[in-house]
Amino acid sequence: MQFETQCLHAGYSPKSGEPRVQPIVQSTTYTYDSAEEIGDLFDLKAAGYFYTRLANPTTNAAEEKLAALEGGVGALCTSSGQAATFYALLNILESGDHFIASTSIYGGTYNLFAHTFKKMGIQVSFVDQTLPLEVLEKAIRPNTKAVFGETIANPELRVLDIEKFARLAQKAQAPLIIDNTFATPYFCRPFEFGANIVVHSTTKYLDGHAVAMGGAVIDGGNFDWHNGKFPAFTLPDESYHGLIYTETFGVAAYIVKARVQLMRDLGATPAPQNSFLLNLGMETLPLRMKAHYENALEVAKFLETQPQVSSVNYPALESSPDYELKQKYTPNGLCGVISFEIKGGREAASKWLNGLKLISREVHVADIRTCALHPATSTHRQMNEEELAKINVSAGLVRLSVGIENVRDILADIEQAFNAI
């Protein structure tokens, strides 16, 4: 099936007389005819549902659709994007391990890596993703177990050279994990460029309507866990009577282990209602992403002409340093998110934000309605000018998430807000 068709049909095929739309199975538990059947489920000898923390039919439909859209062998939905990133790495790492991450990543992800993982005895090296491969390789250690980056960074809007990072991961004999939230599988499928694991904050474009928190981990099934660095996949798991994941589940060893170990023990499970809304959102993903991209490109070009704007970050612009990377990895489009710097710093940016009438001021990104955020007076409010400069968030930086309204209305609101400064 083509991508647009998969968005509508993958994950759920009703039989004669069954509901055409995947129903919400709002149940925490399931009944069986015998104790032996339940025992086989707990021993992973049979597939099925016994407790919604581990699996649910509504969530399973969303997971199968996600795996199909990304081209993976399996997926695991979580309660948030942050939980998905946490699971994706914790499924590989343990105390004493090390991984490499780009500096151009979401701030919440940076905190997870730099602070929470540190408390767990896991070390991270942050690297400038624009450096040559031979320089990046200096970050590899004997205990390096993963490499992480974002297809399109939030909020810097830098495009990752996925193939270069895949070569870095191969050199480290470690899987490459890519956060594909902003690009979505409609515009980029990282597995096709050498990635091994993909994560999403499904709260963003995949849901698309700002109604359901969620995350997902998708397994490419293309990493060799037998290279000697990952015994958790190749040696017996005593919590399942000595089961060996690579022997029992083959190419799906990673995603099964994430479900039956991490989801079992940590339980960051999505509610069936949220999985239903995620599935509903994914059905219109191609239509929405086309509209987001068309609107955002027009808005970005308009912002470049404004005398109050000192710089615009949008890789689809020919002026962007990542224009060529955009053409390679997302040739058919991009996300709807733009970041730009207003002259006059914090005060001018705050005035512009306050002048908006149609565009919402909110701490969110990547849904159907246009919204804006001024990091220096919100998410990074406690930092001074010097501290903001160190993390490439200037006092005048604005993140604009362009929605799918008529672009003339979006432009008119942006222009009148500039006039109000």
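Once a new chain begins, its residue numbering starts again from 1 and follows that chain's sequence as written. Under the rules for a predicted model, residues below a pLDDT of 70 receive no local features and side-chain atom pairs below 80 are neither given nor counted, while totals for whole chains, interfaces and linings still include all residues. Computation of side-chain values: all heavy atoms of the structure, hydrogens and water removed.

- Going by an unreviewed UniProt entry, the protein chain carries the name O-acetylhomoserine aminocarboxypropyltransferase/cysteine synthase and comes from Exercitatus varius.
- UniProt positions are given in the numbering used here, feature names are shortened, and annotations may be inferred rather than shown by experiment. In its Sequence similarities (unreviewed entry) section, the UniProt record describing the protein chain reads: "Belongs to the trans-sulfuration enzymes family."
- Among the UniProt annotations of the protein chain, the heading Cofactor (unreviewed entry) holds the following wording: "pyridoxal 5'-phosphate".

**Concerning the overall build of the protein chain**
At step 1: Working definition: helices are DSSP H or I runs of at least four residues, strands are E runs of at least two. Numbering for both runs from the N terminus. Scanning the protein chain from N- to C-terminus turns up 17 helices and 12 strands.
At step 2: As a reference, a globule follows 2.2 Å times the number of residues to the power 0.38, and the radius of gyration itself is taken over C-alpha atoms. At 22 Å, the protein chain has a C-alpha radius of gyration in line with the 22 Å of a compact globule built from 421 residues.
At step 3: Overall, the protein chain is about 70 × 55 × 35 Å in size when its C-alpha atoms are taken along their principal axes.
At step 4: Taken across its 421 residues, the protein chain has 55% of its residues classed as buried.
At step 5: Expressed as a percentage of contacts within the protein chain between residues at least 6 apart in sequence, the contacts between residues at least 24 apart total 71%. Only protein chains enter the calculation, and the probe is 1.4 Å; a residue is then buried if its accessible area is under 20% of its type maximum, exposed if over 50%, and partly exposed in between. It only takes one pair of heavy atoms within 4.5 Å for two residues to be counted as in contact.

**Quick word on the side chain of His 364**
At step 1: By the secondary structure assignment, His 364 is in the loop between β10 (360-361) and β11 (371-373).
At step 2: Look at His 364 and you get buried, because its relative accessible area is 15%.
At step 3: Any pair of N or O atoms that falls within 3.5 Å is considered a polar contact. Within protein, one atom must be able to donate a hydrogen and the other to accept it, and sequence-neighbouring residues count only if both atoms are side-chain atoms. Engagement of the side chain of His 364 in a polar contact is seen with the side chain of Asp 367, the distance being 3.4 Å.
At step 4: In contact with His 364, other than residues within four places in its own chain, are Thr 203, Lys 204, Ala 210, Cys 371 and Arg 399.

**Examining the pairing of strand β7 (residues 215-219)**
At step 1: In terms of residue burial, β7 counts as a mostly covered element, since five of its five residues are buried.
At step 2: Taking every second residue as pointing to the same face, both faces of β7 are buried, with Gly 215, Val 217 and Asp 219 on one and Ala 216 and Ile 218 on the other.
At step 3: Pairing between strands is defined by DSSP: at least two bridges between the two strands are required. Pairing of strand β1 (residues 74-78) with β7, which is carried by five bridges, proceeds in the antiparallel orientation. Bridge pairing in β7 places Thr 78 opposite Gly 215.
At step 4: Examined bridge by bridge, strand β6 (residues 197-200) and β7 share four bridges and lie antiparallel to one another. Pairing of Val 198 across the sheet is with Ile 218, part of β7.

**Let's talk about the side chain of Arg 259**
At step 1: Inspection of the secondary structure assignment puts Arg 259 in helix α11 (residues 253-266).
At step 2: On the basis of relative accessible area, Arg 259 is assigned to the buried category, the value being 18%.
At step 3: Among the polar contacts made by the side chain of Arg 259, one reaches the main-chain carbonyl oxygen of Ala 75 at a distance of 3.1 Å.

**Details of the pattern of salt bridges**
Opposite charge on two side chains makes pairing possible when the charged atoms of those side chains draw close.
At step 1: Whenever a carboxyl oxygen of Asp or Glu lies within 4 Å of a side-chain nitrogen of Lys or Arg, that contact is scored as a salt bridge. On inspection of all chains with the given rule, the structure shows seven salt bridges.
At step 2: Measuring nitrogen to oxygen at the nearest pair gives 2.7 Å for the salt bridge that ties Lys 328 to Glu 163. Separated by 165 residues along the polypeptide, Lys 328 in helix α14 (residues 323-329) and Glu 163 in helix α7 (residues 162-172) bring together distant segments of the chain.
At step 3: Note that Arg 189 and Glu 192 form a salt bridge whose closest N and O atoms lie 2.9 Å from each other.
At step 4: According to the relative accessible area criterion, Arg 189 is partly exposed, its value standing at 21%.
At step 5: Given a relative accessible area of 55%, Glu 192 falls into the exposed group.

**Comments concerning helix α4 (residues 81-90)**
At step 1: By the criterion of burial, α4 is predominantly enclosed, with nine of the 10 residues buried.
At step 2: Looking at α4, one finds that the buried residues are Gly 81, Ala 83, Ala 84, Thr 85, Phe 86, Tyr 87, Ala 88, Leu 89 and Leu 90.

**Structural notes on the packing of aromatic side chains**
At step 1: Pairing of aromatic rings covers Phe, Tyr and the six-membered ring of Trp, with a centre-to-centre limit of 6.5 Å; geometry is then stacked below 30 degrees between planes, edge-to-face above 60, and tilted otherwise. Inspection of the entire model under this criterion finds 23 aromatic pairs.
At step 2: Where Phe 193 meets Tyr 329, the ring centres are 4.8 Å apart and the plane angle is 75°; that geometry is what we call edge-to-face. With Phe 193 in the loop between α8 (184-187) and β6 and Tyr 329 in helix α14, this residue pair connects regions lying 136 residues apart in the sequence.
At step 3: Here the aromatic cluster, defined as three or more aromatic residues joined through ring pairs, consists of Phe 86, Tyr 87, Phe 99, Phe 113, Phe 117 and Phe 148.
At step 4: A ring has a charge above it when a Lys NZ or an Arg CZ is no more than 6 Å from the ring centre and no more than 35 degrees off the ring normal. Lys 145 extends its terminal NZ or CZ atom over the ring of Phe 230, reaching a point 5.8 Å from the ring centre.
At step 5: Here the basic side chain of Lys 257 rests over the ring of Phe 233, its NZ or CZ set 5.0 Å away from the ring centre.

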